[in-house]
Amino acid sequence: MAEDNGTPGSGQPLAVLGAGVMGSGIAALAIGHGVAVSLIDVDRARLATAAARIDHHVRTAQLLGASPAADAPGELVTGLSPDGLLTGAGAVPAAVIEAVTEDADAKAKALADAAALVPPGTPIISNTSSIPIDELARAVPRPADLIGTHFMNPPYLISTVEVIRGTHTAEATLAAVRALLTGLRREPIVVQDAPGFVTSRILHPMINDAVRVVAAGTASVPSVDRLMQGCLGHPTGPLRTADLIGLDNLVDSLWVLHRRTGDEGCRPCDLLLDMVKAGRLGRKSGRGFYDYEGEQA
Amino acid sequence: MTTSSDRTAPDAVQTDLVQFLTRRTGKDWTADDDVFGSGGLSSLHAMELVVHLERTFGVSIRGGDLQKENFRTVQRMSELVERLQTAGDGGTGA
């Protein structure tokens, strides 16, 4: 029933574009809070495993007290294209969250396709770690409806969300996204638009440097992480964090930063590129700076 | 789904869990040690215990049973398995 499962206060589902790590994590956050989700991905295989992965995430959040166990979970509907899922009775979403791969062209296309299907005034949210919202705004018919979020991974466990207000983002769009996030018990921190915004602009070159330190033989992977944790209070260490982000996503994001800022510190270092080439992508592939064999990502 | 004949003796559950934790952490465990304490599992890996118990003992752990306190020691996990196997419907959670 839409009125039971919908976005708090609206009775409408949340549409999520992309069933990868971030899309399924955001879907799990919503479902765990009783919000229905329409999940869309062009990849049939990825979509087929989405329900099981999301269920695992929802249960993880409940287990760790990050999701209210008392709420009936939101309903999950999946589809290969947005056409049927974003239109029709009960399907018009409260908001669309785009979480496709961190590539400006792919994001622009997904955002434009979705924006063409939903009523004006529906917030169109791009979840990105580094691509400026004003660049993506050129692709959509109503830039006032567009706004950025940068959820950390995993979204269902980390309670603070970076929210990026583009030059054209309307006050009403910002207010709706604040309400949406607050309803999901997240704390939104609103920042201005820039390559990498705040968190990636600071964190990603730092991780790149941590990899350079390992490549230079100055310290082992665990030593770098232990020093950053024990001496500087970093919660997981930069290299374990890199594994959690996904090394391919990290490289994509570093290139976005490098091309737009010219900062050579953002040029992905050779070891990082070699690891991606070898398929060592971090936790999701079972191996990155650490081994994760036998764990479910 | 489990029936009474599928029930596992509490001692066997505890032996299995101690072996699982030893394999996973590389240190010795007793039934009362804090699984999430020093040298134990990080909270992020708590779901591994849920998946292991479900696969090994044929139970389904959902809803109100998904609380970290139920997994804090080998003793508590074996009590949870016994309760869920006795309930026979795979779980008492919401």
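Residues numbered from 1 in each chain as written. Chains lettered and ligands numbered in written order. Predicted model: local features only at pLDDT ≥ 70, side-chain atom pairs only at ≥ 80, totals over all residues.

Description of the UniProt feature "domain: Carrier" (unreviewed entry) in chain B
Here's step 1: Under the UniProt annotation, "domain: Carrier" (unreviewed entry) lies at residues 7–85 of chain B.
Here's step 2: Here residues 7–85 of chain B is 51% helix and 0% strand, with 6 Å between the C-alpha atoms at its ends. (UniProt positions renumbered as here; feature names shortened; annotations may be inferred. Helix = DSSP H or I, 4+ residues; strand = E, 2+ residues; numbered from the N terminus.)

Points about the UniProt feature "domain: 3-hydroxyacyl-CoA dehydrogenase C-terminal" (unreviewed entry) in chain A
Here's step 1: The UniProt entry lists residues 196–292 of chain A under the feature "domain: 3-hydroxyacyl-CoA dehydrogenase C-terminal" (unreviewed entry), expressed in the numbering used here.
Here's step 2: Annotation note: span residues 196–292 of chain A, helix share 60%, strand share 0%, distance between end C-alpha atoms 28 Å.

Details of the environment of Thr182 of chain A
Here's step 1: Topologically, Thr182 of chain A is positioned in helix α7 (residues 171–183).
Here's step 2: Taking the C-alpha atoms as reference points, Thr182 of chain A and Leu203 of chain A, separated by 21 residues in sequence, lie 25 Å from one another.

Focus on unusual backbone geometry
Residue and element names in this part refer to chain A.
Here's step 1: A cis amide bond links Asn153 to the next residue, Pro154, at an omega of 0 degrees.
Here's step 2: Mapped onto the secondary structure, Pro154 falls in the loop between β6 (146–150) and β7 (160–165).
Here's step 3: The backbone of Arg185 sits at a positive phi, close to 60 degrees, despite the residue not being glycine.
Here's step 4: Along the chain, the position of Arg185 falls in the loop between α7 and β8 (187–192).
Here's step 5: The partly exposed category is assigned to Arg185, around which 13 C-beta atoms lie within 10 Å.
Here's step 6: For Phe197, which is not glycine, the phi torsion reads 50 degrees and is therefore positive.
Here's step 7: Among the structural elements, Phe197 can be located in the loop between β8 and α8 (199–215). (Buried ≥ 20, exposed ≤ 12 C-beta atoms within 10 Å, placed from the backbone.)

Some details on the domain arrangement of chain A
Here's step 1: We note that the domain assignment places domain 1 (2–192) and domain 2 (199–285) within chain A.
Here's step 2: The residue inventory of the side of domain 1 of chain A that touches domain 2 of chain A, partitioned by class, reads 2 nonpolar, 4 polar and 3 charged. (Domains from an automatic or database assignment. Nonpolar A, V, L, I, M, F, W, Y, C, P; charged D, E, K, R; others polar.)

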